[in-house]
Amino acid sequence: MLFMVVSRKTSVVVLLVSLTVLLLVSLFPVKAANQITLKVVIGPDTEDNRAQNLVTLEKIKRFEAANPGIVCRPVPFTYTTRQDFFIKQASRTAPDVLDVWATECELLASRNWIIPLDDYIKTWDKADWVIPSAYAPFRYNGKIYGIPFAGYVKHVIYNKRMFRENGVPEPTLDWTWEDFLNAAVKCTDKEKGIAGFAPMTKGGEGGWALTDFIYQAGGECEVYENGKWKAVFDSPEAVTALQFLKDLKWKYDVLPANWSNGWTDVYNIFGSEKVAMVFDADWGRNVAINGQGMDPNDIGVAIMPKGPGPKGRHMGVQGGNFYVINALSTPEVQDAAWKWLTFELWDEEDIKALAASAADYRAQKQYRAQFEYIPLKPDSPYIKAREEVFAQNSDVLLSWGSEEFLMKLPETAHIEPPIEAQVLYAQFLAPVVQAVLSDKNADPAKLLKDANARFQKEYLDHVY
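Residues numbered from 1 in each chain as written. Predicted model: local features only at pLDDT ≥ 70, side-chain atom pairs only at ≥ 80, totals over all residues. Heavy atoms only, no water.

A.B. asks: Honestly, the overall build of the protein chain in this entry has me stumped. Any pointers?
C.D. replies: Helix and strand counts for the protein chain come out as 17 helices and 14 strands. Over its C-alpha atoms, taken along the principal directions, the protein chain stretches across nearly 105 × 55 × 40 Å. Per-residue burial for the protein chain yields a buried fraction of 50% across its 464 residues. Considering only intrachain contacts with a sequence separation of at least 6, the fraction spanning at least 24 residues in the protein chain is 77%. In the form shown here, the protein chain has an accessible surface area of approximately 22400 Å², with 54% of it arising from carbon and sulfur atoms. Here the protein chain holds 49 positive side-chain charges and 59 negative ones, and the gap between their average locations is 4 Å. (Helix = DSSP H or I, 4+ residues; strand = E, 2+ residues; numbered from the N terminus. Buried < 20%, exposed > 50% of the residue type's maximum accessible area, 1.4 Å probe, protein only. Contact = heavy atoms within 4.5 Å. Areas by Shrake-Rupley, 256 points an atom, 1.4 Å probe, with all protein chains shown as cover. Lys, Arg positive; Asp, Glu negative; His and termini not counted. Charge placed at Lys NZ, Arg CZ, Asp CG, Glu CD.)

A.B. asks: What am I meant to see in the side chain of Asn286 here?
C.D. replies: Here Asn286 shows up in helix α11 (residues 284–292). Side-chain polar atoms of Asn286 contact the side chain of Asn290, separated by 2.7 Å. Residues in contact with Asn286, not counting those within four places in the same chain, are Gly291, Tyr367, Ala369 and Gln370. (Polar contact = N/O pair within 3.5 Å; in protein donor to acceptor, adjacent residues only side chain to side chain.)

A.B. asks: Where do I start with the layout of surface pockets in this structure?
C.D. replies: Once rolled over the atoms, a probe with the size of a water molecule shows which space is left empty. Each pocket or cavity is described by its volume, and for the largest pocket that value is around 1800 Å³. What lines the largest pocket is a set of 47 residues, among which Gln52, Phe149, Ala150, Tyr323 and Asp350 lie closest to the centre. Counting residues per element, the ones that place at least two in the lining of the largest pocket are β1 (36–42), α2 (50–66), β3 (97–101), β6 (147–153), β13 (316–325), α12 (331–342), α13 (348–364) and α14 (381–392). For the lining of the largest pocket, the leading source of residues is α2, giving seven residues. A per-class count over the lining of the largest pocket returns 25 nonpolar, ten polar and twelve charged. (1 Å grid on protein atoms, 1.4 Å probe; cavity = no way out; pocket = protein on both sides within 12 Å on 5 of 7 lines; lining within 4 Å. Points joined across faces, edges and corners; volume = space filled by probe spheres on them. Nonpolar A, V, L, I, M, F, W, Y, C, P; charged D, E, K, R; others polar.)

A.B. asks: I would appreciate a short explanation of unusual backbone geometry in the present structure.
C.D. replies: A negative phi angle is the norm for most residues apart from glycine, just as the trans form is the norm for most peptide bonds. You will see that Asn226, though not glycine, has its phi angle at about 50 degrees, which is positive. Along the polypeptide, Asn226 turns up in the loop between β9 (222–225) and β10 (228–231). A relative accessible area of 83% means that Asn226 is categorised as exposed. Phi angles above zero are rare outside glycine, and Trp346 is one such case at about 55 degrees. Of the residues examined, Trp346 reaches a relative accessible area of 7% and is grouped as buried.

A.B. asks: I would appreciate a short explanation of the pairing of β13 in the present structure.
C.D. replies: In summary, the side chains of a regular strand alternate between the two faces of the sheet. Taking burial as the measure, the ten residues of β13 include eight buried ones, the bulk of the element. As judged from the five bridges shared by β3 and β13, these two strands associate in the antiparallel manner. Within β13, the residue paired with Leu98 across the bridge is Val324. Bridging between β6 and β13 involves six bridges; their strand directions are antiparallel. (Pairing = 2+ DSSP bridges.)

A.B. asks: Would you explain the environment of Ala90 in this entry?
C.D. replies: When you line up the elements, Ala90 lands in helix α3 (residues 82–90). Between the C-alpha atoms of Ala90 and Ala430, which are 340 residues apart in sequence, the distance is 35 Å.

A.B. asks: Quick question: what am I supposed to make of the nonpolar core here?
C.D. replies: Nonpolar side chains tend to gather and get buried jointly when the protein is soluble and globular. Counting residues in each nonpolar core, the largest one holds 126 residues, and the members touching the most others are Leu38, Ile147, Phe233, Met277 and Trp346. When sequence neighbours within four positions are dropped, the list of residues in contact with Leu38 reads Phe63, Ile70, Val71, Cys72, Arg73, Asp96, Val333, Ala336, Ala337 and Trp340. In this structure, Phe85, Leu98, Ile114 and Phe138 belong to the second largest nonpolar core, which totals 17 residues. (Core = buried A, V, L, I, M, F, W, Y, C linked by side-chain atoms within 4.5 Å.)

A.B. asks: Can you walk me through the side chain of Glu237 in this structure?
C.D. replies: Secondary-structure assignment places Glu237 in helix α9 (residues 236–250). Leaving out residues up to four positions away in the same chain, Glu237 has contacts with Ala217, Gly218, Gly219 and Lys311.

A.B. asks: I tried to follow the packing of aromatic side chains on my own but got confused; where do I start?
C.D. replies: Each aromatic ring pair is specified by the distance between its two centres and by the angle formed by the two planes. Summed over all chains, the structure comprises 33 aromatic pairs. With centroids separated by 6.2 Å and ring planes inclined at 85 degrees, the aromatic side chains of Phe197 and Phe213 adopt a geometry described as edge-to-face. Residue Phe197 is located in strand β8 (residues 195–197), and its partner Phe213 is located in helix α8 (residues 204–216); the two are separated by 16 residues in the primary sequence. Taken as a pair, Phe197 and Phe213 share a single burial class, namely buried. Geometry around Phe86 places Arg111 over its ring, the cationic atom sitting 5.2 Å from the centre. For Lys249, the ring lying beneath its charged end belongs to Trp250, and the centroid distance is 4.8 Å. (Phe/Tyr/Trp six-rings, centres within 6.5 Å; stacked < 30°, edge-to-face > 60°. Lys NZ or Arg CZ within 6 Å of the ring centre and 35° of its normal.)

A.B. asks: For this particular structure, what's the right way to read the environment of Ser402?
C.D. replies: Within the secondary structure, Ser402 sits in the loop between α14 and α15 (403–408). We classify Ser402 as partly exposed; its relative accessible area is 38%. With 21 residues separating them in the primary sequence, Ser402 and Pro381 have C-alpha atoms 17 Å apart. Among the polar contacts listed, one links the side chain of Ser402 to the backbone nitrogen of Phe405, at a separation of 3.1 Å.

As structure tokens, then:
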């Protein structure tokens, strides 16, 4: 009707304008007044990520259906280098919800790049499920900045049959270095090529493994004092730890003849029953069982042994990932981020997937043999549901640890060094491990003093 009361020329102009508006609206939909756009992480578009990315996209559909008014925008991102995150944060293109390493709290919280989650946790229906100590890596100035969801706490796995045959009592929750050494000595049989203990000694794993002993002896690697990071792995406690490792080789002779082993190596040795004890975090026993055919019933678990002296403690490295919320997001987006962070976390969808996986393991004639550190109380509904699935599929789904062990394990956790942990492991600590195991006359105190000074000068002096 409009075009009947205006000139033909005007009608054409109006029609063209109308079509242009419709085209723009179709290309760039107008955001609803109350619509929130939430940037969520998806893996880079590579072949090995595609299956998981499809899972994420399906989760986005379910989340948007359950939360009208929130639209998710997938952002390809992996927290693999801090530099990449720094660039995205500076350009405000980083996701609103991130999963980051367990080492990152001090760095991110001190720069106000992530927000405290205490107020959200107070109203979270699953808050009582979480073991309080599991938050430790992401506590900063008395506040909680991250939710743990995947990780590990290193502990000892041992061959129960070898312990039994050599008259060694199984470890208790209060065992010590002395008990550990006694077990290693009694289980060692050099004529048969059997060692009591096999440490990781090469690559970054060598330094990673040494820190377990340092923490058990009461030492630290890095501390924050007077506004500055300080390297302290030359302390008397750290020297005691390195000396203990040296003595296992030269004084007690309980290590394999070929002591130069990496991550996979020690589990292959353990699986072939050429060693009685190794340290494990999560996937090691999978190598022993599925790779070497070890009987799962022969594998026992124990917390780390307590180191000597008044500072001695049960300690193993804790690593893994935490969910955090970006502090540069608006409050409304942060609220949406919390909803995404907790959506389907430890719920029935995961339980269904676990149950469905049992058939795949049977078909492959394999076991699900990894140990998962789940930061939840043993009596939480999620853990109880998992236990039911494991009980129904015990022929292929393997679990370890008594309730006492599972409750105690988080209390033994020690977070990794927050500044350049991988560099510290590979370039500074692994060489001193190799030095004391290859040279009977090597001086642990001098080696650590020199390495500590170099790490301080080359790295920690440049922080911030």
